[in-house]
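Examining the three-dimensional arrangement
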Amino acid sequence: MEVLQLTTTVDASEHLHLEIPTQLLPGKVNIVILLSPVTSDSTKKSNYDFSNIAGKLVWQGDALAIQKVLRDEW
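Residues numbered from 1 in each chain as written. Predicted model: local features only at pLDDT ≥ 70, side-chain atom pairs only at ≥ 80, totals over all residues. Heavy atoms only, no water.

To continue, consider the overall build of the protein. Along the backbone of the protein there are two helices and zero strands. If you sum the accessible surface of the protein, you get close to 8,300 Å²; carbon and sulfur atoms cover 57% of it. (Helix = DSSP H or I, 4+ residues; strand = E, 2+ residues; numbered from the N terminus. Areas by Shrake-Rupley, 256 points an atom, 1.4 Å probe, with all protein chains shown as cover.)

Right, here's the structure in full:
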């Protein structure tokens, strides 16, 4: 079994043409195709600034004791 990965282009008539050389012997093969659009790296990056919602919680008390009390309520 071989796993092949390649990036190619769908033509204007919405056809996908594949030319894949293999080392397989002539005969029947099973083919599984997973198609996913290629996105550029710039669209994957989030430019949102989370600084207005980020913060720090100031906790006073024993966090472990509170956790045990809450757990015992179940």
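What follows covers the layout of surface pockets. Space inside the largest pocket adds up to approximately 1,200 Å³. Around the largest pocket sit 26 residues that line it, and L4, I20, V32, I33 and L34 are the ones nearest its centre. Each residue belonging to the lining of the largest pocket can be placed in one class, and the counts come to 18 nonpolar, seven polar and one charged. (1 Å grid on protein atoms, 1.4 Å probe; cavity = no way out; pocket = protein on both sides within 12 Å on 5 of 7 lines; lining within 4 Å. Points joined across faces, edges and corners; volume = space filled by probe spheres on them. Nonpolar A, V, L, I, M, F, W, Y, C, P; charged D, E, K, R; others polar.)

Together, L4, L6, V10, L16, L18, I20, L24, V29, I31, I33 and L35 line one region of the surface with nonpolar side chains, adding up to about 1,000 Å² of accessible area. Mapped onto the elements of the fold, L24 is located in the segment before helix 1 (41-44). (Patch = residues over 30% accessible without salt bridge, like charges linked within 9 Å, V, L, I, M, F, W, Y side chains within 5 Å. Salt bridge = Lys/Arg side-chain N within 4 Å of Asp/Glu carboxyl O.)

Here we take up the environment of S36. Along the chain, S36 falls in the segment before helix 1. Judged by relative accessible area, S36 falls into the exposed class, the value being 56%. For the pair S36 and T7, spaced 29 residues apart in the sequence, the C-alpha separation amounts to 10.0 Å. (Buried < 20%, exposed > 50% of the residue type's maximum accessible area, 1.4 Å probe, protein only.)

Coordinates in, geometry out; function isn't part of it.
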